[in-house]
Amino acid sequence: MNADGRYAPSPSGPLHVGNLRTALLAWLFARSQGAKFRLRIEDLDPQRSRLEHEAGQLADLRALGLDWDGPVVRQSERRERHRQALEQLPTYPCWCTRAEIREAARAPHGGEVPYPGTCRRRKDGPGRPAAIRLDAQRASVRFTDRLHGHKEATVDDFVLWRKDDVPSYNLAVTVDDADTGIGEVVRGEDLLQTTPRQVLLQRLLGFETPSYAHVPLVLGADGRRLAKRDGDPGASPQWMAESLGLAEPGESVTPELLLSRFDPLGWRP
Ligand code: GLU
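Our subject in this report is the structure included herewith. No experiment lies behind these values; they were computed from the predicted model shown.

Reading guide: rules and limits
- Residues numbered from 1 in each chain as written.
- Predicted model: local features only at pLDDT ≥ 70, side-chain atom pairs only at ≥ 80, totals over all residues.
- Heavy atoms only, no water.
- Helix = DSSP H or I, 4+ residues; strand = E, 2+ residues; numbered from the N terminus.
- Buried < 20%, exposed > 50% of the residue type's maximum accessible area, 1.4 Å probe, protein only.
- Near = heavy atom within 4 Å.
- Polar contact = N/O pair within 3.5 Å; in protein donor to acceptor, adjacent residues only side chain to side chain.
- Areas by Shrake-Rupley, 256 points an atom, 1.4 Å probe, with all protein chains shown as cover.
- Nonpolar A, V, L, I, M, F, W, Y, C, P; charged D, E, K, R; others polar.
- Core = buried A, V, L, I, M, F, W, Y, C linked by side-chain atoms within 4.5 Å.
- Contact = heavy atoms within 4.5 Å.
- Axes fitted to C-alpha atoms, helices over the stretch in contact; angles between N-to-C directions.
- Parallel < 35°, antiparallel > 145°, perpendicular 65-115°, else oblique.
- Pairing = 2+ DSSP bridges.

### A closer look at unusual backbone geometry
- Located in the positive-phi region is Gln 137, a residue other than glycine, with phi close to 55°.
- Looking at where Gln 137 falls in the secondary structure, it is placed in the loop between β5 (131–134) and β6 (140–145).
- Owing to a relative accessible area of 61%, Gln 137 belongs among the exposed residues under this scheme.
- If you check the backbone angles, Asp 165 has positive phi at about 65° while not being a glycine.

Rendered as structure tokens:
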């Protein structure tokens, strides 16, 4: 089985301890299976991506003792490939604003709602830029996650290309994981809800579905997830290893020691 893994940070701020712990886990899953580990910078959003954050993130990953195979891939440099994939998919332009979508779905404020299909049959729209949506035909998908078990979901018509002319996260991540031969995706639990969309794209584009492990986020003292803007609260590799059940309190650890203790089949948060 191909267990090649990756870590794919967005360079929108410094990595916090939760991001770093996810990177460590992704590295442990790949290396403990003798697989490759790749690094991809998810700099699709020109408004939020900064080169200085990218450099800082790479330095922090190295300081943690992680290493990776092959060149670091920048998503922004793969736009043509993302375009090409877009052209292979059934799509339609969509002019809806977020507010219109919420209203049409009669959903309360906040939270993401499934797209109600307003633009599916529309031939032309108002003279403003359109996003491009997948015509998903309410496809149902299944996948298995190492930690969350079997999952099944119906996929709505989601955005593949944003109205500000940027490929969507779901399109780029699916194409880039497939093109770099990723066999196992290890990432934060907050992304579990995006996986059905990616699994559908894999099916439509003829890619294999990798295996998945969505790992717990580190929560702040207030019980809420950390944001990049919170910066690094100063937690050490020792703290990360202890919180993963891989070290005793106060023990000094190296990635190699953790690797010798890590069992990809048996590890549970
Ligand atoms: N770029 C995403 C993030 O920084 C991770 C995406 C992924 O692992 O699929 O949260």
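Now, onward.
### Observations regarding the site of the ligand
- The environment of the ligand is formed by ten residues, the closest being Arg 6, Ala 8, Glu 42, Tyr 169 and Arg 187.
- At 2.7 Å, a side-chain N or O of Tyr 169 approaches an oxygen atom of the ligand.
- For the ligand, whose unbound accessible area comes to 300 Å², protein coverage reaches 81%.
- Taken together, the residues of the shell around the ligand break down into five nonpolar, one polar and four charged.

### Some remarks on the nonpolar core
- With 35 residues, the main nonpolar core has Leu 24, Leu 25, Leu 61 and Trp 267 as its most contacted residues.
- Non-local contacts of Leu 24, meaning those with residues more than four positions away in its chain, are made with Leu 64, Leu 66, Met 240, Leu 244 and Leu 258.
- In terms of nonpolar packing, the next biggest core, distinct from the first, is built from 22 residues, Phe 143, Val 199, Leu 200 and Leu 201 among them.

### With respect to the packing of helix α3 (residues 79–87) against helix α5 (residues 169–179)
- For the pair α3 and α5, the least separation of the axes is 10 Å and the interaxial angle reads 105°. By the angle class used here, α3 and α5 are roughly perpendicular. Touching Arg 81, His 82, Ala 85 and Leu 86 of α3 are Leu 171, Ala 172, Val 175, Asp 176 and Asp 179, all from α5.

### Some thoughts on the sheet that holds strand β8 (residues 159–161)
- One open sheet holds the three strands; their spatial order is β4-β5-β8, and the pairing between them is antiparallel. Where the open sheet ends on each side, the last strands, each with one partner, are β4 (91–94) and β8. Each strand axis lies, on average, 45° off the axis of its neighbour in the sheet, ignoring direction.
- In the sheet, β5 pairs with β8 via two bridges, with the strands oriented antiparallel. Bridge pairing links Arg 133 to Val 159 in β8.

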